[in-house]
Amino acid sequence: MSGGPYSYSYIFKYIIIGDMGVGKSCLLHQFTEKKFMADCPHTIGVEFGTRIIEVSGQKIKLQIWDTAGQERFRAVTRSYYRGAAGALMVYDITRRSTYNHLSSWLTDTRNLTNPSTVIFLIGNKCDLDGQRDVTYEEAKQFAEENGLMFVEASAKTGERVEEAFLETAKKIFQSIQDGRLDLNAAESGVQHKPSQTGRTTLSNDQQPNKDTCSC
Amino acid sequence: MDEILDEVGSPEELKKFEAIYNQQLEEHSVTTDATFNYAWSLVRSRYAADIRKGICLLETIFNEDREQTRRDCVYYLAIGYAKLKEYSKALQYTKAFLNLEPANLQVQSLDSTIRKRMEKEGLIGMALAGGAVLALGGLVTLGLALSKK
Ligand SMILES: Nc1nc2c(ncn2[C@@H]2O[C@H](COP(=O)(O)OP(=O)(O)OP(=O)(O)O)[C@@H](O)[C@H]2O)c(=O)[nH]1
Ligand SMILES: [Mg+2]
């Protein structure tokens, strides 16, 4: 009864952060719907998206909170950092200022999440290589110095978008297996749902999710 | 996207924004930001009284402020009313928003979440009424839930 396509054994909470207009909502949309939104309005407060993925044979539900980059929402969006297992920190490779602000995003993230939170840096809009304002090498170096994972991606073409979300999950899963991430800690950002028979409540709230039907 | 309606903020967070707002109130210089932050954290509360208070504040800002903040207010007014299960009011706000910005996916998705919720709760209500015998109600509801899978 429980086994169906909507069951999963873990929930990971993600946040997506970064300056306004860097493409956070487009990355989320590309990941959950495999579509690009050419004209995306600014996010109001926070948006939410979800998708079930598989890591090492385990089904994991990602609960993704996409925060608004506009300054006036900053005070409230900060409250979504708490208890994130993964943080995708995004800048726009064609706008240097969005890269320059990374250290302040990083400080916020470190202060508001826990030491086991996996932070993944994404240089978005890599399809616009002609307008590049930040080199791959310097961003790579910044990532290494700060112990972040890093890719350049494009929400437009979909290039390396999956990779960013999935690699983050793999790293979190590894931490669970190594025992570095304590599942019982209130703010680990991970929930374990041991699969049992008859867990109808779990499958009930899954109806709107069409992402797993891709087989 | 039920999570948008189900998530709750932390009480500490609410206290923090409340303190800022109250202080500004005492100094007779309340900023829109402080009001909005406080209102948002009220709407995220698990208690209906808080949500109502949040709605009140949002309506105040909505009536006195600029275009930009109005747009934000409308969105959170819809969430607030939906959390109170006043769905038709909530839908008035999403509808008003979509009249101005028909392509806004964030609001489209909130709108459809509210509609789904309305439907779901309507169905359960009907099942209970139709079951006549109260003890049967539970079974009917369960049956419905299962048959929908
Ligand atoms: N060429 C190109 N354009 C992109 C890409 N990703 C996003 N955009 C465009 O950049 C603009 C901003 O994208 P959003 O996803 O709304 O940015 P955001 O970070 O969510 O912005 P806020 O919600 O205000 O914080 C939109 O017009 C997108 O179409 C990309 O990979 N390539
Ligand atoms: Mg956005």
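Since we're looking at a predicted model, the values are computed, not measured.

**Overview of unusual backbone geometry**
Glycine aside, a negative phi is what most residues show, and trans is what most peptide bonds show.
Residue and element names in this part refer to chain A.
Next, step 1: Positive phi is not limited to glycine here, since S56 has a value of about 45°.
Next, step 2: Position of S56 among the secondary structure elements: in the loop between β2 (46-55) and β3 (58-67).
Next, step 3: Backbone geometry places R160, a non-glycine residue, at a positive phi of 60°.
Next, step 4: Positionally, R160 belongs in the loop between β6 (149-152) and α6 (161-178).
Next, step 5: R160 gets classed as partly exposed once you look at its relative accessible area, which sits at 34%.

**Considering the environment of I119 of chain A**
Residue and element names in this part refer to chain A.
Next, step 1: Relative to the elements of secondary structure, I119 occurs in strand β5 (residues 118-124).
Next, step 2: Relative accessible area serves as the criterion here: at 7%, I119 is assigned to the buried category.
Next, step 3: Separated by 30 residues in sequence, I119 and M89 place their C-alpha atoms 7.0 Å apart.
Next, step 4: Every residue in contact with I119, bar those within four places of it in the chain, is listed here: A87, M89, L106, T109, R110, L148 and M149.

**Thoughts on the interface of chain B and chain A**
Next, step 1: Listed by partner, the interface residues are 28 residues for chain B and 29 residues for chain A.
Next, step 2: Contact between chain B and chain A buries roughly 2,500 Å² in total, counting both sides, with carbon and sulfur atoms accounting for 57%.
Next, step 3: At the junction of chain B and chain A, the tally comes to three salt bridges.
Next, step 4: One can count eight residue pairs in polar contact (both at pLDDT 80 or more) joining chain B with chain A.
Next, step 5: Of all elements in the fold, only α1 (3-6), α2 (11-26), α3 (32-43), α5 (67-83), α7 (105-131) and α8 (134-147) of chain B reach the threshold of two or more residues within the side of chain B that touches chain A.
Next, step 6: The element best represented in the side of chain B that touches chain A is α5 of chain B, accounting for five residues.
Next, step 7: Of the residues assigned to the side of chain B that touches chain A, the class counts are eleven nonpolar, five polar and twelve charged.

Scoring rules and cut-offs
- Residues numbered from 1 in each chain as written.
- Chains lettered and ligands numbered in written order.
- Predicted model: local features only at pLDDT ≥ 70, side-chain atom pairs only at ≥ 80, totals over all residues.
- Heavy atoms only, no water.
- Helix = DSSP H or I, 4+ residues; strand = E, 2+ residues; numbered from the N terminus.
- Buried < 20%, exposed > 50% of the residue type's maximum accessible area, 1.4 Å probe, protein only.
- Contact = heavy atoms within 4.5 Å.
- Buried area = accessible area lost by both parts, 1.4 Å probe.
- Salt bridge = Lys/Arg side-chain N within 4 Å of Asp/Glu carboxyl O.
- Polar contact = N/O pair within 3.5 Å; in protein donor to acceptor, adjacent residues only side chain to side chain.
- Nonpolar A, V, L, I, M, F, W, Y, C, P; charged D, E, K, R; others polar.

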